[in-house]
Amino acid sequence: MHSIRRLLTTAAAVAAVLATVLSAAPPAPAVTSAVALCASTWQAVQKVAVRRPAWNDGPVATPRSPIVRYLRQGEWVRSCVVGVGRDASAYRECGGGTLWRIVPGGQVPATCLRRA
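Below or above, wherever it landed, is the structure these notes cover. Because the structure is predicted, anything quoted here is derived from the model rather than measured. (Residues numbered from 1 in each chain as written. Predicted model: local features only at pLDDT ≥ 70, side-chain atom pairs only at ≥ 80, totals over all residues. Heavy atoms only, no water.)

### Overview of the sheet that holds strand 8 (residues 113–115)
Working step 1: Across the sheet, which stays open at both edges, the three strands sit in the order 4-1-8 with antiparallel pairing between neighbours. Looking at the sheet topology across the chains shown, the edges are occupied by strand 4 (76–78) and strand 8. Neighbouring strand axes in the sheet, compared pairwise and without regard to direction, differ in orientation by 40° on average.
Working step 2: Bridge analysis of strand 1 (residues 41–44) against strand 8 gives three bridges, and the strand direction is antiparallel. (Pairing = 2+ DSSP bridges. Helix = DSSP H or I, 4+ residues; strand = E, 2+ residues; numbered from the N terminus. Axes fitted to C-alpha atoms, helices over the stretch in contact; angles between N-to-C directions.)

Here you go:
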């Protein structure tokens with residue numbers, strides 16, 4: 001009986017602390033301003049496959065990763081992050097390299113995109 005009462009008291013104290021912390025949380029516009037920082041637009045140099053890393057590829061795509069879709073030549077995409085691949089992720093498209101731009105839906109070789 002005594003342990004149940006102590007548990008209920010502890011739960012009430014935790015709920016009070018959470019209510020205080022959540023009421024003091026920063027306003028939502030601070031979050032939206034961080035999202036708005038990504039304004040880098042890129043244009044596809046040629047038709048190129050957008051690949052998503054397979055479960056055993058790691059975080060960066062490889063030339064053997066599954067194709068999600070294709071970017072048409074001249075298509076604009078937004079990308080603010082670059083994935084740096086290693087030996088297995090080296091590609092030959094658009095001059096080759098190991099840098100992959102993260103775009104909506106997957107990853108594209110960085111040399112296949114130019115800043116728009």
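### Digging into the nonpolar core
Working step 1: Grouped together as the largest cluster of nonpolar side chains are ten residues: Trp42, Ala44, Val48, Val50, Leu71, Val77, Val103, Val108, Cys112 and Leu113.
Working step 2: Setting aside residues no more than four positions away along its own chain, Val103 makes contact with Val50, Val77, Arg78, Ser79, Val108 and Leu113. (Core = buried A, V, L, I, M, F, W, Y, C linked by side-chain atoms within 4.5 Å. Buried < 20%, exposed > 50% of the residue type's maximum accessible area, 1.4 Å probe, protein only. Contact = heavy atoms within 4.5 Å.)

### Some points on the packing of aromatic side chains
Working step 1: Applying the stated criterion across every chain yields a total of one aromatic pair.
Working step 2: Where Tyr91 meets Trp100, the ring centres are 5.2 Å apart and the plane angle is 75°; that geometry is what we call edge-to-face. For the pair shown, Tyr91 and Trp100 are each scored as buried.
Working step 3: Directly above the aromatic system of Tyr70 lies the positively charged group of Lys47, at a separation of 4.7 Å from the ring centroid. (Phe/Tyr/Trp six-rings, centres within 6.5 Å; stacked < 30°, edge-to-face > 60°. Lys NZ or Arg CZ within 6 Å of the ring centre and 35° of its normal.)

### Here's the deal with the pattern of salt bridges
Working step 1: What the rule picks out here adds up to two salt bridges.
Working step 2: We note a salt bridge from Arg69 to Glu75, for which the minimum N-O separation is 3.4 Å.
Working step 3: A salt bridge links Glu75 to Arg72; the nearest nitrogen and oxygen atoms lie 4.0 Å apart.
Working step 4: Each of the salt bridges in this network shares a partner with another, and the network as a whole consists of Arg69, Arg72 and Glu75. (Salt bridge = Lys/Arg side-chain N within 4 Å of Asp/Glu carboxyl O.)

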